[in-house]
Every structure is written in structure tokens, then in C-alpha cells.
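Examining the three-dimensional arrangement
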Number of protein chains: 2
Amino acid sequence: MARKNFSKKREAIYEAICSTKSHPSAEWVYNTLKPEYPDLSLGTVYRNMNGFKDDGMILSVGSVNGQERFDGNTKPHSHFICNRCGDVIDIENVPYNMQADEVVRNVSNCDIDYHLTFFYGICGKCKNIEEDNN
Amino acid sequence: MARKNFSKKREAIYEAICSTKSHPSAEWVYNTLKPEYPDLSLGTVYRNMNGFKDDGMILSVGSVNGQERFDGNTKPHSHFICNRCGDVIDIENVPYNMQADEVVRNVSNCDIDYHLTFFYGICGKCKNIEEDNN
DNA sequence: TTCGTTGCAAACATTTTGCAGTTTC
DNA sequence: GAAACTGCAAAATGTTTGCAACGAA
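Here's what I pulled together on the structure shown here. All figures in this text were calculated on a predicted structure; none of them were measured in a lab. Residue positions are given per chain, counting from 1 as you read along its sequence in written order. Chain A is the first chain written and ligand 1 is the first ligand written, with later ones labelled in order. The predicted origin of the model limits local features to residues at a pLDDT of at least 70 and limits the giving and counting of side-chain atom pairs to 80 or more, whereas totals for whole chains, interfaces and linings rest on all residues. Note: side-chain values were computed over all heavy atoms of the structure, leaving out hydrogens and water.

Here's the deal with the interface of chain B and chain A
- Should any heavy atoms of two residues lie within 4.5 Å, those residues are counted as being in contact. The interface is formed by 30 residues belonging to chain B together with 30 residues belonging to chain A.
- For chain B, the biggest contributors to the area lost against chain A are B:D111, B:F119 and B:Y120; these three give 21% of the whole.
- By salt bridge we mean one thing: a side-chain nitrogen of Lys or Arg within 4 Å of a carboxyl oxygen of Asp or Glu. Here B:D111 makes a salt bridge to A:K127, at a shortest N to O gap of 3.5 Å.
- In protein, a polar contact requires one atom able to donate a hydrogen and another able to accept it; more generally it is a pair of N or O atoms within 3.5 Å, and residues adjacent in sequence count only if both atoms are side-chain atoms. The tally of links between chain B and chain A comes to 12 residue pairs in polar contact (both at pLDDT 80 or more).
- The numbering of helices and of strands both runs from the N terminus, where a helix is a DSSP run of H or I of at least 4 residues and a strand a run of E of at least 2. At the level of elements, β4 (88-91), α4 (98-108), β5 (111-122) and α5 (124-132) of chain B are the ones that each hand at least two residues to the side of chain B that touches chain A.
- Sorting elements by how many residues they give to the side of chain B that touches chain A places β5(B) first, with 12 residues.
- Considering only residue class, the side of chain B that touches chain A consists of 17 nonpolar, nine polar and four charged. The buried area of a pairing is the accessible area, by a 1.4 Å probe, that goes missing from both parts when the two are put together, added over both. For this classification, Asp, Glu, Lys and Arg are treated as charged, while Ala, Val, Leu, Ile, Met, Phe, Trp, Tyr, Cys and Pro are nonpolar and the rest, including Gly, are polar.

Concerning the sheet that holds β4(B)
- Strands are treated as partners if at least two bridges between them are detected by DSSP. Spatially, six strands are ordered β4(A)-β3(A)-β5(A)-β5(B)-β3(B)-β4(B) in an open sheet, and the strand pairing comes out mixed. Unpaired on one side and paired on the other, β4 (88-91) of chain A together with β4 of chain B mark the two borders of the sheet. Averaged over all pairs of adjacent strands, the angle between their axes in this sheet comes to 30°, without regard to strand direction. Axes here refer to lines fitted to C-alpha atoms; in helices the fit is confined to the stretch in contact. Angles between the N-to-C directions go from 0 to 180 degrees.

Re the pairing of strand β5 (residues 111-122) of chain A
All names here are of chain A.
- In terms of residue burial, β5 counts as a mostly covered element, since nine of its 12 residues are buried.
- Here strand β3 (residues 78-82) runs beside β5; their pairing, made up of four bridges, is parallel. By the bridge assignment, F80 is partnered in β5 with F119. Think of it in three bands: with a 1.4 Å probe and only protein chains considered, a residue is buried below 20% of the maximum accessible area for its type, exposed above 50%, and partly exposed in between.

Shown next as C-alpha cells:
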């Protein structure tokens, strides 16, 4: 996909993704921008987000509860995904293990570009709700 | 979900998932079993696979091209996903890094149950196709 | 003016669900 | 025989797409 013009809406969609750490879905972006852009359409959001992804401007962090989630932060970092509420949280403190890529390269006859790590469990918010109910 | 009876079809579905290293989708399981069980329905496959997942008998390895993929091997291991053909391949040679869970536990106030690592790149098969075309 | 971009709505693909009938224990 | 399970088909959900109108260079 060749994106030539940079429309106001396209800019707003990209800004919205980059301005949050919530790893938004297309629906989140749509709902967030709808008040300011009442004639925004969901198709446009999908089209642009796919374009950003193809261009490497944003990353997919996989599907949570059936919705694909994205990250405007393209620097390598890990994620935590809450098995209860589905929140996706950045983990910045685990250094990227380049050696792992090398190991896999040597044993798998695949070209390894990069790896992603996802931690799973219960987030702080959900833990608190649990405690409040006891 | 409480599964009490263990029907023939349920058994066949579980067997099918465990008997392959292809990390199958629901559709794959359905198509594989359909010849032997002509009255099998896709709904049953989905229902059972979700049940297995809830019970921890199988693991989801995320969505590839819009289809959720599963793994009957629940021992901790990593995966390689081909960015070209979508194949999911087991990586058994990268030891599970328990220390990483500990680090994240300490910095995030989340309960960490486990982590998954996905390597991305081009698989051997796709590399060969590429070379053949040169 | 020319193309890229958008809104809209229809089309699609995957997954879920309600219900009546069937199987398992 | 009761409870669990299934087939079927409809519905729900998330995403893509065709096309005419719109907007940016």
C-alpha cells in the first residue's frame, strides 16, 4: 500500500495510537476519535491501521478477546497481558535477548527477524478487585 | 465449563490436536476429522476446543491470518511463526527463562503465571521457494 | 485536475449460540 | 432416565471491500 497524502483523519488515527499506552484496538481508536470527527468511519480506521502496520509505523501485539491490538511504540519491548481483563501493559525492564535469536537461527534453518515475549497473569487492578471482594 | 462425559467425537478432536505439530486451527481439525466423522459439526469442534483451552489441556498460540491456532503440547516451549506462510513451528531449544518472570513480578505489581516467546521471520520452506525463483 | 482518501453499506470470515434430538453414564 | 453432548442453522463479531463522493497536492 502506498500512502501518499496525509489526511487529517489519518494523522489523527496515528496520533491516537501513539498517544496511549493502552495498546488500542481499531474499535478503541474509532470510539476515541468519533466525538472530534463525527463522520469518521470504521473502515477508514481499519484501512489506515493496516497501512501503518505494513509500513512498520505500528506493531500488532496479537489478538485479545478476538480483537487485534496495536502498539505505537516500535522499540523492542515486552508485554504483559492480563488473563482476566485483557489489559495489555508495557514491560520495559526485560532486556532484549539477542542470543535467543541466534540460538533459534542455528537450530531451525529459519531466518529470524525478531522475537516477542508476552507475560501472562493477573494485573494489579484485577488483583485489587479480588482482594476487595474478600 | 464442566465436561463430564467424554464422547467419541470429543476424544477424536483432542487426539487430532495432539497428533500433529502443525498447531491447528478449528477448521483444520474439522476438515481432518470430517472424512471419519461425516456428521461432525464445526460448532462441536469450537465448543470442545474452547473447553480444552479452559481446562488447560491445550494452549492457544495466538491468531495467524485471522484464525486462532492451538497447541496440544502444554510443556513450556517457544514458537516460530513464518511471516510469509503463517506456519507455526515448535522451538524446543530455548530454555524457559524463569528469571524473566521474577523480574517482571518485581517491577510490575502483576501476578505472573508464565510467559510465551514467539520468533518471527521466514521459515526454511519459504526460503527455499525464494531461492528456486532466483 | 488528478489521484489518493473517505463514508457508507454490503460482503466476508470466523466464532458463538439456541434449540431439538442424540449419546453417554 | 437424567444430564451432557451434538448437529444444524442462525446470529454475532471483527474485518475487508466496492464504489461514488470528497479532499489534498
